[in-house]
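# What the coordinates show
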Amino acid sequence: MGEKYDAIIIGSGSNGISAAIHLQQKGLKTAIFEQASIPGGATKTLEVTLPGFKHDIGSSILPLGYASPFLRTLPLGEHGLEWIFPDIPYSHPFNDGSALACYKDIDRTAAQLLKDEKSYKKLFGSIVNNWPELESNLLGPLKWPDHPVKLMKFGLKAFVSAHHLVNHYFKDEKTRVFFYGSAAHSTLSLNSVASSSFGLVLNILAHKYGWPFPKGGANKFTEALLSYYKSKGGELFLNTNITDIDQLPEAKTYMFDLTPKQLLEIKGTRFTSLYRKRMENFKYGAGVFKMDWALSEPIPWLNEKCRKSGTVHLGYSQKEIERSENSAKYYSTNKNPYVLLAQHTLFDSTRAPENKHTAWAYCHVPNGSTRDYTAEIEAQIEKAAPGFKNCILAKSTMNTQALQHFNPNLVGGDINGGSQNISQLFTRPVTRLSPYTTPDPRVYICSSSTPPGGGVHGMGGFSAAKKLIQDHFQDLI
Ligand SMILES: Cc1cc2nc3c(=O)[nH]c(=O)nc-3n(C[C@H](O)[C@H](O)[C@H](O)COP(=O)(O)OP(=O)(O)OC[C@H]3O[C@@H](n4cnc5c(N)ncnc54)[C@H](O)[C@@H]3O)c2cc1C
């Protein structure tokens, strides 16, 4: 009663804005408060190398944003968003100059896999077709399955380790490495239960939609979300670091797009000591070492498939990728990191001056690591693209501390708001009937530390907003 706002959202990442949009769509009065001078959290584009070269500092390839059951309902095209679909979603080169491509077409992808052609089709054929029935269970909090049989069939493949899955399905080392490239997005050891689920979901999205990115930079995605939000009457306040709820205007509810460590530091919340203790036990995952390059020409990949791919995964054997992901988890050093690389300017000339190019890459490193992985990352690229280093005009590097400074949600360089191991996958940040609620009935959490976890999909924000409405604004349901 008498509150200035129905809900205040703290943090303008994709989850925070999505929560704010849904609340505003339902007729509530909301405002977002953001500590940074530029909104968007880890979805932001800056000229960090040379003038005119636009680099995505955090997220960049957004199939989850394109396919998100909530975000795809928004008229983002009318608010300036244009999607670019690279010819090939991703490819994976090998030491002998060959490469495997993940085409949108499953049959074409499988046809390259020789001995594994049938197994690949068997693995992906039905689950790609079943995706529309599976997505609400996989991109939201734990709930009774809408399609139990289809979900169970998916679960039998997904809730095992990637190591187990590739050894069970594939005979050829190259096919196994190819699947590892997707599964390693999990930032988990490939022996971890559920690491295969990331490879499955990302390949399903590649086959169903492709792996698109926003024209002009990832910031265009944020700008379109905010433009729509403001068109619905939403308000945004930048440069406001929130440390105490009392700093904020009076509101009926508060939605935090923060991770547990940060939320516990906010003063004025009424959390029980048990909840605090459980939140303190929340586990953060491995960090990343991030690189961006301004290039004089496209990366000189030996294999043509890589020259047509938006994303390239680098890791030259099963053992090498396993070792890389284990070393990030177990705090050991690693000379041959698994590298995720994106090359937007092959498909989007607006991101660099005429005839010039950019590249974006990172590797997984121990949480909090301050080591510089420039030499290791560039060496991995050189193996499949000799002469790459000669194309470099300028580069930018960010270790885990620089990333956390850029965005405090990237705790120790963890880009997923916490480890996505099986115990934190659907019940993050703690096991509660609704993970978006807290013991303080005014306070909600919606960041990637809530289901479904990391990635630009806005589903944490959307699900948290639905719960907030159910609890406080029943008449709007
Ligand atoms: C290097 C990197 C590469 C990535 N690549 C991809 C990719 O290609 N595709 C993909 O889908 N995902 C990718 N991700 C992951 C994705 O960016 C995140 O999962 C996503 O941004 C999470 O959104 P969020 O809204 O939960 O949090 P965030 O985007 O982290 O936003 C949180 C916001 O809260 C603000 N904030 C924090 N504390 C306060 C405070 N006290 N007061 C006010 N504001 C505060 C922060 O400044 C920030 O703006 C990547 C991330 C990184 C870092």
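For the structure itself, look to the data block above.
Just so it is clear, the model here is predicted, and its values are computed rather than measured.

The helix and strand inventory of the chain stands at 17 helices and 16 strands. Computed over C-alpha atoms, the radius of gyration of the chain comes to 21 Å, within 12% of the 23 Å expected from 2.2 N^0.38 for 477 residues, which places it in the range of a compact globule. In terms of principal-axis extent, the alpha carbons of the chain reach across some 70 × 55 × 45 Å. Within the chain, buried positions represent 62% of all 477 residues. Contacts in the chain between residues far apart in sequence, at least 24 positions, make up 75% of those at least 6 positions apart.

Near the ligand you find 39 residues, and of these Glu34, Gln35, Asp257, Asn407 and Gly455 are the closest. In the environment of the ligand, an oxygen atom lies 2.6 Å from a nitrogen or oxygen atom belonging to the side chain of Glu34. The fraction of the free accessible surface of the ligand (1000 Å²) that becomes covered by protein chains is 95%. Listing elements by their share of the shell around the ligand, those giving two or more residues are helix 1 (14–25) and strand 14 (357–365). Top contributing element to the shell around the ligand by residue count: helix 1, with three residues.

What follows covers the packing of helix 4 (residues 117–138) against helix 8 (residues 195–208). Between helix 4 and helix 8, whose axes approach to 9 Å, the crossing angle comes to 75°. By the angle class used here, helix 4 and helix 8 are roughly perpendicular. Residues Tyr120, Leu123, Phe124, Ile127, Val128, Trp131 and Pro132 of helix 4 touch helix 8, and the partners they reach there are Gly199, Leu200, Val201, Asn203, Ile204, Leu205, His207 and Lys208. For the contact of helix 4 with helix 8, the residue count by class is eleven nonpolar, three polar and one charged.

This brings us to the packing of aromatic side chains. Summed over all chains, the structure comprises 18 aromatic pairs. Note on Tyr66 and Tyr209: the rings are 5.8 Å apart at their centroids and 70° apart in plane angle, and the pair reads as edge-to-face. Here Tyr66, found in helix 2 (residues 63–67), pairs with Tyr209, found in the loop between helix 8 and strand 8 (213–214); they are 143 residues apart in sequence, far enough to count as distant. Looking at Tyr66, the relative accessible area reads 28%, which means it is partly exposed. By relative accessible area, which is 18% here, Tyr209 ends up buried. Relative to Phe462, the ring of Phe70 lies with its centre 4.5 Å away and its plane at 10°, an arrangement referred to as stacked. Here Phe70 is found in the loop between helix 2 and strand 5 (83–84), whereas its partner Phe462 is found in helix 17 (residues 459–472), with 392 residues between them in sequence. Like Phe70, the residue Phe462 is buried in the burial classification. Three or more aromatic residues joined by ring pairs form one cluster here, namely Tyr90, Tyr120, Phe124, Tyr169, Phe170, Phe178 and Trp211.

Rules and cut-offs
- Residues numbered from 1 in each chain as written.
- Predicted model: local features only at pLDDT ≥ 70, side-chain atom pairs only at ≥ 80, totals over all residues.
- Heavy atoms only, no water.
- Helix = DSSP H or I, 4+ residues; strand = E, 2+ residues; numbered from the N terminus.
- Rg over C-alpha atoms; globule rule 2.2 N^0.38 Å.
- Buried < 20%, exposed > 50% of the residue type's maximum accessible area, 1.4 Å probe, protein only.
- Contact = heavy atoms within 4.5 Å.
- Near = heavy atom within 4 Å.
- Polar contact = N/O pair within 3.5 Å; in protein donor to acceptor, adjacent residues only side chain to side chain.
- Areas by Shrake-Rupley, 256 points an atom, 1.4 Å probe, with all protein chains shown as cover.
- Axes fitted to C-alpha atoms, helices over the stretch in contact; angles between N-to-C directions.
- Parallel < 35°, antiparallel > 145°, perpendicular 65-115°, else oblique.
- Nonpolar A, V, L, I, M, F, W, Y, C, P; charged D, E, K, R; others polar.
- Phe/Tyr/Trp six-rings, centres within 6.5 Å; stacked < 30°, edge-to-face > 60°.

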